[in-house]
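Below, each chain spelled out in residue letters.
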Amino acid sequence: MEKRLSADHVLEVTSLSKEFSTRDSRFFALEDISFSVSEGEFVCIVGPSGCGKSTLLRIIAGLLKKDSGKVQFERKNFVRPRTSMVFQNQGLFPWKTVLQNVQFGLQMQGIAKKEREGLSIEFLNKIGLSKFIHAYPYTLSGGMRQRVAIARAFISNPEILLMDEPFGMLDAQTRIVMQEELLKLWQERKHTVLYITHDIEEAIFLGDRILVMSGRPGKFIADIEVPFDRPRSRSELLKNDAEIRNHIWDLLKDEVIKDLGESR
Ligand code: ADP
Ligand code: MG
């Protein structure tokens, strides 16, 4: 029988490895990754570009096969989906309206039309998109499209929300507004979130914990508790986060430089 997870863990990843082969080489994208995420926790993973962050998230989401190791979920409630993913480039259906996109996950769960539309409209009102319910994605700004993608993920109420650099394509100001909006939603709904970013400040603003990854092959090199109370204010953080920011940058800097050296 499978071992049960520790009491408050929603996800446990143990000794996960993944190898890719291309035409002329084979390489480990992930090597011996182990970590767990507790109920209601907001965990950020930071690492240099190409270190295997997306690969890790795709394996957890079941979109990609692992080579070895274990990915275990605590299955408390069989009505909820295990995971729901938000990608960097929204992943909205271009032929569906905002409302149709948002309610899609609920439709997949077999929730009746009236109920899923009601829930979706309520959520869209809450995030200020009520005027755009019947709009198609191509008519919206990048920030609005990403809000729709987030609404779609939140509303399906997964056991763990997987976010892969969801604000990576947005300009710096929009990104700040979106981060604040995401924290507000998370605080209200107490979701469990695994959030990937290469942006150290973003990880510090959002996360309870930050897992730092090395360059290829991706390994965890640190697990850092973020020492700031919630709700967080960006201005307070900016005054006080120098120490943790420098600490993470010191860990990452060598990895980035190594990676540059390898490719020259
Ligand atoms: P990150 O998200 O951290 O930037 P990825 O997980 O996308 O990194 O990729 C990790 C490494 O694996 C990169 O070097 C990438 O080029 C490589 N890679 C990703 N997917 C594949 C694949 N399907 N086949 C071969 N190599 C891949
Ligand atoms: Mg990626």
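K.L.:
Give a description of the overall build of the chain that names residues and reports values.
P.N.:
Per the secondary structure count, the chain includes nine helices and nine strands. Taking the principal axes of the C-alpha coordinates as reference, the chain spans close to 55 × 50 × 40 Å. A burial count over the chain gives 48% of its 264 residues as buried. Sequence separation of 24 or more characterises 71% of the internal contacts of the chain that already satisfy a separation of 6 or more. Counting only carbon and sulfur atoms, one obtains 51% of the accessible surface of the chain, whose full area is about 13,500 Å². Once the 38 positive and 36 negative side-chain charges of the chain are each reduced to a mean point, those two points are 7 Å apart.

K.L.:
Describe the environment of Val37, with residues and values.
P.N.:
Relative to the helices and strands, Val37 resides in strand 2 (residues 26-38). Counting along the chain gives 54 residues from Val37 to Gly91, while the straight-line C-alpha distance between them is 25 Å. Setting aside its immediate chain neighbours within four residues, Val37 contacts Asp8, His9, Val10, Leu11, Val43, Ile160, Thr192 and Leu194.

K.L.:
Break down the site of ligand 1 for me, citing the residues and quoting the values.
P.N.:
Residues in contact with ligand 1, as listed here, are Phe20, Phe27, Pro48, Ser49, Gly50, Cys51, Gly52, Lys53, Ser54, Thr55 and Arg216. Residue Ser54 places a side-chain N or O atom 2.9 Å away from an oxygen atom belonging to ligand 1. About the coverage of ligand 1: the protein hides 65% of its 570 Å² of free accessible area. The element best represented in the shell around ligand 1 is helix 1 (residues 53-60), accounting for three residues. In the shell around ligand 1, the residues fall into four nonpolar, five polar and two charged.

K.L.:
Could you give me a rundown of the packing of helix 5 (residues 142-155) against helix 6 (residues 172-189), with the residues and numbers involved?
P.N.:
In contact at an axis separation of 11 Å, helix 5 and helix 6 are set at 15° when each is read in the N-to-C sense. Considering the angle they form, helix 5 stands roughly parallel to helix 6. With respect to the hand of their crossing, helix 5 and helix 6 are arranged in right-handed fashion. Taking contact as the criterion, the partners of Gly143, Gln146, Arg147, Ile150, Phe154 and Ile155 in helix 5 are, on helix 6, Thr174, Met178, Glu181, Leu182, Leu185, Trp186 and Arg189. Here the residues of the contact of helix 5 with helix 6 sort into seven nonpolar, three polar and three charged.

K.L.:
Can you tell me about the pairing of strand 2, naming the residues and giving the values?
P.N.:
Across nine bridges, strand 1 (residues 9-21) lies against strand 2 in antiparallel orientation. Bridge pairing links Ser21 to Arg26 in strand 2. In this structure, the hairpin formed by strand 1 and strand 2 is closed by a connection of four residues.

K.L.:
Any details on the sheet that holds strand 9 (residues 220-225)? Residues and values, ideally.
P.N.:
Pairing in this open sheet of six strands is mixed, and the strands run 5-6-7-3-8-9 from one edge to the other. In this open sheet, the two edge strands, each paired with only one partner strand, are strand 5 (83-86) and strand 9. Strand-to-strand twist of the sheet, defined as the mean angle between neighbouring strand axes without regard to direction, takes the value 20°. Note that strand 3 (residues 42-46) and strand 7 (residues 193-197) share five bridges and pair parallel.

K.L.:
For the nonpolar core, give the residues involved together with the corresponding values.
P.N.:
One finds Phe42, Tyr195, Ile204, Ile210 and Ile248 to be the most contacted residues of the largest nonpolar core, which totals 51 residues. The greatest single-element share of this core, amounting to eight residues, is contributed by helix 5. Within the second largest apolar cluster, 24 residues are counted, among which are Leu16, Val37, Val43 and Leu162.

K.L.:
Run through helix 5, naming residues and quoting values.
P.N.:
With 14 residues, helix 5 ought to run about 20 Å at 1.5 Å a step, and its terminal C-alpha atoms sit 20 Å apart, in line with that. Most of helix 5 sits out of view: twelve of its 14 residues are buried. Those residues of helix 5 that sit buried are Gly143, Met144, Gln146, Arg147, Val148, Ala149, Ile150, Ala151, Arg152, Ala153, Phe154 and Ile155. Lining the buried residues of helix 5 we find strand 5, helix 2 (98-102), helix 3 (104-108), helix 4 (113-126), strand 6 (160-164) and helix 6.

Definitions and limits used
- Chains are numbered independently. Their residues run from 1 in the order of the written sequence.
- Working convention: letters from A go to chains and numbers from 1 go to ligands, in the order in which they are written.
- Confidence filtering applies because this is a predicted model: local features only for residues at pLDDT of at least 70, side-chain atom pairs given and counted only at 80 or more, and all residues used for totals across whole chains, interfaces and linings.
- Remark: hydrogens and water are excluded; side-chain values derive from all non-hydrogen atoms of the structure.
- A helix here means a DSSP run of H or I that spans at least four residues, while a strand means a run of E at least two residues long, and both kinds are numbered starting from the N terminus.
- Each residue's exposure class comes from its accessible area (1.4 Å probe, protein chains only) as a fraction of the maximum for that residue type: buried when under 20%, exposed when over 50%, partly exposed otherwise.
- Working rule for contacts: check all heavy atoms of both residues, and any pair within 4.5 Å makes them a contact.
- Surface accessibility follows the Shrake-Rupley procedure with a 1.4 Å probe radius. Residue values consider only the protein chains on display as shielding.
- When charges are counted, neither His nor the chain ends are considered; positive counts come from Lys and Arg and negative counts from Asp and Glu.
- Think of each charge as sitting on NZ of Lys, CZ of Arg, CG of Asp or CD of Glu.
- Any residue with a heavy atom positioned within 4 Å of a molecule or strand is treated as near that molecule or strand.
- We call two N or O atoms a polar contact when they sit within 3.5 Å, provided that within protein one can donate a hydrogen and the other can accept it, with sequence-adjacent residues counted only if both atoms are side-chain atoms.
- All residues other than Ala, Val, Leu, Ile, Met, Phe, Trp, Tyr, Cys, Pro, Asp, Glu, Lys and Arg, Gly among them, are scored as polar; the first ten of these are nonpolar and the last four charged.
- To get an axis, fit a line to the C-alpha atoms, keeping to the stretch in contact for a helix; angles then go from 0 to 180 degrees between the N-to-C directions.
- When an angle is under 35 degrees it counts as roughly parallel; over 145 it counts as roughly antiparallel; between 65 and 115 it counts as roughly perpendicular; any other value is oblique.
- Two helices cross in a left-handed way if the nearer one is turned anticlockwise from the farther one by less than a right angle. They cross in a right-handed way if the turn is clockwise.
- The pairing criterion for strands is at least two bridges between them, as found by DSSP.
- Take the buried residues of types Ala, Val, Leu, Ile, Met, Phe, Trp, Tyr and Cys, join any two whose side-chain atoms come within 4.5 Å, and each joined set is a nonpolar core.
- Under the convention used throughout, the expected extent of a helix is 1.5 Å for every residue step, that is, one less than its residue count.

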